[in-house]
Amino acid sequence: MTEYNFYCDESCHLEHDDSNVMVLGAVWCPKENRHEINERIKQIKVQNGIPAKAELKWTKIAPAKLQVYIDLIQYFFEEKNLHFRGLLVPDKRKLNHSAYNQTHDEWYYKMYFGMLKAMLIPTERYNIFIDIKDTHSSKKAQKLCQVISNSMYDFSKSIVKQVKPIRSEEVQIMQITDVLIGAFGFHNRFFSDNGHRSEAKQKIVRLIQEKSGYTLQKSTLLREDKLNLFVWKASDV
């Protein structure tokens, strides 16, 4: 039995914002490897002249700092103990929650569980960490824990040991999650003009495509172990 840590994040998850996409994602690794992985990410920053405590984020990608993000993505694909699962809703503006007698929040938690469940094995143990977004993060963690436990009949929490909010700037692995879901969403997002199509960000998208062999626009096979992607459709409810 192995214990794993999942580091989860989200992008454009609100029902009404300026984005057509919503992305949920998680990077995970064996719990016993988390310290060495976090230290390696710090080393990548320092080697690129960036303080170890500085936070790497998709929104911060710029030409002057591009190399550290290239090195981070290359490290993700080289490190055998790191894995990613991402779920993309390609056009949330077409959602019709009333047709399914649900609220956006209820649907959101279904999607979160849908993102995670394909990676969870009943014989293993898991710690799930979500990025703190606001003062509601603790309630979100409690709700997600309840949804997972009920859906997996894991009422004693023997499979998923905890769902806990953490700060991404304090956990290096979470920063990989942010960059990967950022790339997944960016590549599938509609922009009103080309001004938002940052060339630096496009270079990171192309690097991920090259390393993975995937377009980032279609679902991968369910058993894909490194970069596992699911492009959701309404019929998947």
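What comes next concerns the included structure. (Residues numbered from 1 in each chain as written. Predicted model: local features only at pLDDT ≥ 70, side-chain atom pairs only at ≥ 80, totals over all residues. Heavy atoms only, no water.)

**Examining the packing of aromatic side chains**
For the structure on display, the rule yields eight aromatic pairs. With centroids separated by 5.1 Å and ring planes inclined at 5°, the aromatic side chains of Phe6 and Trp28 adopt a geometry described as stacked. Taken together, the residues span a long stretch of sequence, with Phe6 in strand 1 (residues 3–11) and Trp28 in strand 2 (residues 22–30) at a distance of 22 residues. We classify Trp28 as buried; its relative accessible area is 7%. Clustering of aromatic rings is evident, with ring pairs tying together Tyr4, Phe6, Trp28 and Tyr126. Here the basic side chain of Arg40 rests over the ring of Tyr75, its NZ or CZ set 5.8 Å away from the ring centre. Note that Lys226 overlies the ring of Phe76, its terminal NZ or CZ placed 4.7 Å from the centroid. (Phe/Tyr/Trp six-rings, centres within 6.5 Å; stacked < 30°, edge-to-face > 60°. Helix = DSSP H or I, 4+ residues; strand = E, 2+ residues; numbered from the N terminus. Buried < 20%, exposed > 50% of the residue type's maximum accessible area, 1.4 Å probe, protein only. Lys NZ or Arg CZ within 6 Å of the ring centre and 35° of its normal.)

**Examining the pairing of strand 4 (residues 125–131)**
Within strand 4, seven of the seven residues are buried, which leaves the element mostly enclosed by the surrounding structure. Of the two faces of strand 4, the one lined by Arg125, Asn127, Phe129 and Asp131 and the one lined by Tyr126, Ile128 and Ile130 are each fully buried. Two strands pair when backbone bridges link them, and strand 1 and strand 4 are joined in this way by six bridges, in the parallel orientation. Note on strand 4: the bridge partner recorded for Glu3 is Arg125. Across six bridges, strand 4 lies against strand 5 (residues 160–166) in parallel orientation. Bridged to Asn127 within strand 5 is Gln162. (Pairing = 2+ DSSP bridges.)

**Description of the sheet that holds strand 5**
Spatial strand order, 5-4-1-2-3-6: six strands in an open sheet with mixed pairing. Each edge of the open sheet carries a strand with a single partner, namely strand 5 and strand 6 (227–231). On average, each strand axis in the sheet is inclined to that of its neighbour by 20°, with strand direction left out of account. Along the sheet, helix 5 (residues 172–188) makes contact with strand 1, strand 2, strand 3 (83–89), strand 4, strand 5 and strand 6, crossing strand 2 at roughly 145°. (Axes fitted to C-alpha atoms, helices over the stretch in contact; angles between N-to-C directions. Contact = heavy atoms within 4.5 Å.)

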